[in-house]
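# Report on the structure
The residues making up each chain are set out below.
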2 protein chains.
Amino acid sequence: MKPVTNSSHPTIRDVARHAGVSPGTVSRVLNNSPLVKETTRQRVWEVIESLNYTPNLIARRLSLGKSLRIAVIVPFFTRPAEVERLRGVVNHLAHTQYDLVIHNIETPEQRATDLAQIPYREWVDGVLVISLPPEEEFLPRLKTAEVPIVFVDVHHPELRDFDLVNGDDVRGGYLAARHLIDLGHRRIGFIGDLPDHPLGFTSSRDRFEGFRNALAEANIPYDSNYHAESVHGQYLAQMLAEKMLTLPSPPTAIFAASDTQAMGVLTAARHLRIPVPEHLSIIGFDDIQVAEYLGLTTIRQNLYASGKAGVELLLERMIDPKIERRVVEIPNELIIRSTTFPPNS
Amino acid sequence: MKPVTNSSHPTIRDVARHAGVSPGTVSRVLNNSPLVKETTRQRVWEVIESLNYTPNLIARRLSLGKSLRIAVIVPFFTRPAEVERLRGVVNHLAHTQYDLVIHNIETPEQRATDLAQIPYREWVDGVLVISLPPEEEFLPRLKTAEVPIVFVDVHHPELRDFDLVNGDDVRGGYLAARHLIDLGHRRIGFIGDLPDHPLGFTSSRDRFEGFRNALAEANIPYDSNYHAESVHGQYLAQMLAEKMLTLPSPPTAIFAASDTQAMGVLTAARHLRIPVPEHLSIIGFDDIQVAEYLGLTTIRQNLYASGKAGVELLLERMIDPKIERRVVEIPNELIIRSTTFPPNS
DNA sequence: ATGAAAGCGCTAACAG
DNA sequence: CTGTTAGCGCTTTCAT
């Protein structure tokens, strides 16, 4: 064959020839084997540098039987929250010999093919799944996968055997509601995602659960008028909020399951000329970048840390698959800014 | 050797044995070679499926002498604008057999090592450089690189030989200033990045150039009081704006070289209780996602399209390195929202 | 301490 | 149409 090989690159054999040693020795030098005479090592290194030789990673991978790659499977990776997690992943991985392959998932079909095939077809050494609950039918395959898999920000009862990195959405929702209740609010609305998201996201549902817990604890009865859900998005949240705020007895505070949706609520208030926070308190979730600009009170998740923790767990497990299973919890934090205030009526 | 090979994977030889053919034939089947009998093809496919065989890409790469990977070198990839470009890249690449390796650059040192080494050490088949002007000393290496390199959003006089995808920042700046001038503004401020950015970004400078052109064309003299620069960032832009707006004769409009900086200007106006747009018009650049929420008038760059165009050029050149050099221009567009208005005085 | 040689899984030239 | 074979560049036993 005549491979379209990257042309003029010297190979390990060239180095060996120039240094008057065997390829094996050069390999040993490259891998810092202790069993090579100091003078030889020197000579080899000199040749390596004069030839500007760099090992071919692909050959190395094949020979080692390792791909030196990890895959990250992430939905809508341009969303602010996912990007921040990814940054944690990318930056941490930059110090290692591992490559990152990003699989962006935007439909259930994509998830199906990627989750099912990646561990096999792509020959990766590890997989990081972010924010993406697996479908039931793939669970068995995942459990018997030959490569380690770590889940970040996915809550699923069947993941008891995997390393996990999670924020506590239930607790986050509780913190948000608690804050409003402590301020004196009793009529509190919730705006979140539909519970049956095609990709099965659970965060909105869990945040709502925490929210309800806090209300129950404060003996505030659940009122379905104060509960609205739609497909994720700022504009739809705005519609829901406008409806809720024109109720005969509107809420004095609204908890949005994400900052994006909180922005929709802010717009609704502006349209209806309801002063925030004087007549309406608003709290979001995530603490995405604009939240600070908007002065939005919110629940912060340390997204960068969660991405970083995910790779760390994965790399450790790749080194030793038998270590005990770990669950890392990334704590949420209430960030009080200027959209929450005691109720006015 | 005893490679930690991905354990139980069948190889091409297993398939061959089970199908009673040679590995070569299996390879031909896999690669859709026309020179294989239909019945054989069928039989081989059956075995492939029953064995759940999938080819080892690493071996394939080594044998082909191609890495089937492309590298993208991008600064601060979490910035909204870069993310959007990346999405164009990732989504377009998902349909191909190529992997993406992301190199996030945040310092000149990182750029130096990555730009210099990637084409060699990493064995990639192509490189996409986003928003990152090369340092002079690396230009020769880039020009003689063995792999195709495409630059997206980098303006540099020495890039005459490369495929390029660019927005026209000068024209964008012109459009922005022109819009303000057409509204009747004469005292127009500019807030942008420092011209000597360590990574050599040129966009702010070019936008300013277009801005000045428009002013000159309208016979508005340049006033250095209305010109302020600092390190990129919302808060610093806010400081500059506050200073500019408390001048004895403050500008009636401000052009910020990015939406992020425009947000700083908005904050400054709010602090100083200057009504926008009645007493102060503000126009930004980029049309990042929040711009719409804020009602910010801005210059839109079609970022997704630029990322996509970048990979397309790259893939085409990888197929045929001898095609004529191309320059794709992604047009800017003035998006008028509610932060610009005729001057009030 | 070093060389020789086999092998990772695949492709492609060559022969038939 | 198909089998055989060499080889991609590297690592790692096994000898010496």
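As a convention, each chain's residues are numbered from 1 in the sequence order in which they are written. Chain A is the first chain written and ligand 1 is the first ligand written, with later ones labelled in order. Local features in this predicted model are restricted to residues of pLDDT 70 or higher, and side-chain atom pairs are both shown and tallied only at a pLDDT of 80 or more, whereas totals for entire chains, interfaces and linings draw on every residue. Only heavy atoms go into the side-chain values, all of them from the structure, while hydrogens and water stay out.

### What about the protein's contact with DNA strand C?
Neighbouring DNA strand C are 27 residues, the closest being Thr40 of chain A together with Ile12, Tyr53, Arg60 and Ser63 of chain B. Any residue with a heavy atom lying within 4 Å of a molecule or strand is counted as near it. Here the atoms of DNA strand C within 4 Å of the protein split so that 67% fall in sugar or phosphate, with bases taking the remainder. Strands here mean DSSP runs of E at least two residues long; helices mean DSSP runs of H or I at least four residues long; both are numbered from the N terminus. Broken down by secondary-structure element, the contributors of at least two residues to the surface near DNA strand C are helix H2 (23–30) and helix H4 (57–64) of chain A together with helix H1 (12–19), helix H2 (23–30) and helix H4 (57–64) of chain B. The leading source of residues in the surface near DNA strand C is H4 of chain B, at four residues. When residue character is reported, Ala, Val, Leu, Ile, Met, Phe, Trp, Tyr, Cys and Pro are called nonpolar, Asp, Glu, Lys and Arg charged, and the others, Gly included, polar. Taken together, the residues of the surface near DNA strand C break down into ten nonpolar, twelve polar and five charged.

### Focus on the side chain of His179 of chain A
Residues and elements named next belong to chain A. Relative to the elements of secondary structure, His179 occurs in helix H8 (residues 169–183). Since its relative accessible area comes to 9%, His179 is described here as buried. Any two residues whose heavy atoms approach within 4.5 Å at even a single point are treated as in contact. With residues near it in sequence (within four places) discarded, His179 still touches Ile283, Thr297, Leu334, Ile336 and Thr340. Each residue is assigned to one of three classes by its accessible area relative to the maximum for its type, calculated with a 1.4 Å probe on protein chains only: buried under 20%, partly exposed between the two thresholds, exposed over 50%.

### With respect to helix H11 (residues 259–271) of chain A
Three- or four-residue spacings in an α-helix give side chains the same orientation, since the helix completes a turn every 3.6 residues. All names here are of chain A. Multiplying one less than the number of residues by 1.5 Å gives the expected span of a helix. For H11, with 13 residues, the first-to-last C-alpha span of 18 Å sits near the 18 Å given by 1.5 Å per residue. H11 sits mainly inside the fold: ten of its 13 residues count as buried. Those residues of H11 that sit buried are Asp259, Gln261, Ala262, Met263, Gly264, Val265, Leu266, Thr267, Ala268 and Ala269. Arg273 sits one or two positions beyond H11 and adopts a positive phi of about 55 degrees.

### As for the environment of Leu280 of chain B
Residue and element names in this part refer to chain B. Secondary-structure assignment places Leu280 in the loop between helix H11 (259–271) and strand S9 (281–286). Leu280 sits 41 residues away from Pro321 along the chain, and the two C-alpha atoms are 52 Å apart. Once you skip the residues sitting within four places of it in the chain, Leu280 turns out to touch Leu245, Pro251, Thr252, Ala253, Ile254, Val265, Ala269, Ile274, Pro275 and Thr339.

### Notes on the packing of aromatic side chains
Residues and elements named next belong to chain A. Aromatic contacts are taken between Phe, Tyr and Trp rings whose centres are within 6.5 Å, Trp giving its six-membered ring; a plane angle under 30 degrees counts as stacked, one over 60 as edge-to-face, and the others as tilted. For the coordinates displayed, the defined rule picks out 16 aromatic pairs over all chains. Residues Phe190 and Phe211 carry aromatic rings whose centres are separated by 5.5 Å and whose planes lie at 45 degrees to one another, so their mutual orientation is tilted. Of the two residues, Phe190 sits in strand S6 (residues 188–193) while Phe211 sits in helix H9 (residues 203–217), which places them 21 residues apart along the sequence. Phe211 carries the same exposure label as Phe190, and that label is buried. Through successive ring pairs, a cluster of aromatic residues spans Phe190, Phe208, Phe211, Tyr222, Phe255 and Phe285.

### With respect to the pattern of salt bridges
Pairing of side chains with opposite charge becomes possible as their charged atoms draw close. Any carboxyl oxygen of Asp or Glu within 4 Å of a side-chain nitrogen of Lys or Arg constitutes a salt bridge here. Within this structure, the stated rule accounts for 42 salt bridges over all chains. Arg87 of chain A serves as the salt-bridge partner of Glu84 of chain A, at 3.2 Å between the closest nitrogen and oxygen. Of this pair, Glu84 of chain A and Arg87 of chain A both sit in helix H5 (residues 80–93), three residues apart, which is roughly one turn of the helix. In this structure, Asp320 of chain B engages Lys322 of chain B in a salt bridge whose closest nitrogen and oxygen atoms are separated by 3.8 Å. A residue is classified by how much of its surface remains accessible, and Asp320 of chain B, at 29% relative accessible area, is partly exposed. Judged by its relative accessible area of 73%, Lys322 of chain B is exposed.

### Structural notes on the sheet that holds strand S11 (residues 327–330) of chain B
Residue and element names in this part refer to chain B. Pairing between strands requires that DSSP locate at least two bridges from one strand to the other. Taken in spatial order, the six strands make up an open sheet running S2-S1-S3-S4-S5-S11, and their pairing is parallel. Here the strands that pair on one side only, and so sit at the sheet edges, are strand S2 (99–105) and S11. Going from strand to strand, the sheet's axes swing by 15 degrees on average, the running direction of each strand aside. As defined by bridge partners, strand S1 (residues 69–75) adjoins S2 across seven bridges and the pair is classed as parallel. Paired with Val74 across the strands is Asn104, a residue of S2. What counts as an axis is a line fitted to C-alpha atoms, over the stretch in contact for a helix, and the angles between N-to-C directions run from 0 to 180 degrees.

### A look at the protein's contact with DNA strand D
Taken together, 28 residues lie around DNA strand D, and Ile12, Tyr53 and Arg60 of chain A together with Thr25 and Thr40 of chain B are the ones closest in. Within 4 Å of the protein, atoms of DNA strand D come from sugar and phosphate in 65% of cases. For this analysis, a polar contact is any N or O atom pair within 3.5 Å, provided that within protein one partner can donate a hydrogen and the other can accept it, and provided that sequence-adjacent residues contribute only side-chain to side-chain pairs. Within the contact set of DNA strand D, a phosphate oxygen lies 2.4 Å away from a backbone nitrogen or oxygen of Ile12 of chain A. Broken down by secondary-structure element, the contributors of at least two residues to the surface near DNA strand D are helix H1 (12–19), H2 and H4 of chain A together with H2 and H4 of chain B. At four residues, H4 of chain A tops the list of elements feeding residues into the surface near DNA strand D. Looking at the surface near DNA strand D residue by residue, the classes come out as ten nonpolar, 13 polar and five charged.

### Regarding the domain arrangement of chain A
Residue and element names in this part refer to chain A. For every domain, the bounds stem from an assignment made automatically or drawn from a database. The domain boundaries assigned to chain A delineate domain 1 (12–55), domain 2 (63–167 + 303–330) and domain 3 (169–302). Each side of the interface is counted separately: domain 2 has 21 residues, and domain 3 has twelve residues. Once two parts are brought into contact, the accessible area they lose, counted with a 1.4 Å probe and summed over both, makes up the buried area. The junction of domain 2 with domain 3 conceals about 1,200 Å² of combined surface from both sides, 58% of it contributed by carbon and sulfur atoms. Of all residues in domain 2, Arg79, His155 and Leu303 give up the largest surface area on contact with domain 3, accounting jointly for 33% of the area buried on that side. Looking at the side of domain 2 that touches domain 3, the elements with two or more residues in it are H5, helix H6 (108–121) and helix H13 (303–319). Split into classes, the residues belonging to the side of domain 2 that touches domain 3 amount to eleven nonpolar, five polar and five charged.

### Concerning H4 of chain A
Residues and elements named next belong to chain A. Turning to H4, its buried residues number three or more, namely Leu57, Ile58 and Arg61. Down the axis of H4, the smallest arc covering the buried residues is 100 degrees, so these residues share one side. With a side-chain oxygen positioned 2.7 Å from the backbone nitrogen of Ile58, the residue opening H4 is Asn56. Note on H4: the residue one or two positions beyond its end, Gly65, has a positive phi of about 70 degrees. Regarding the arc, it is the one traced by the directions from the helix axis to the C-beta atoms.

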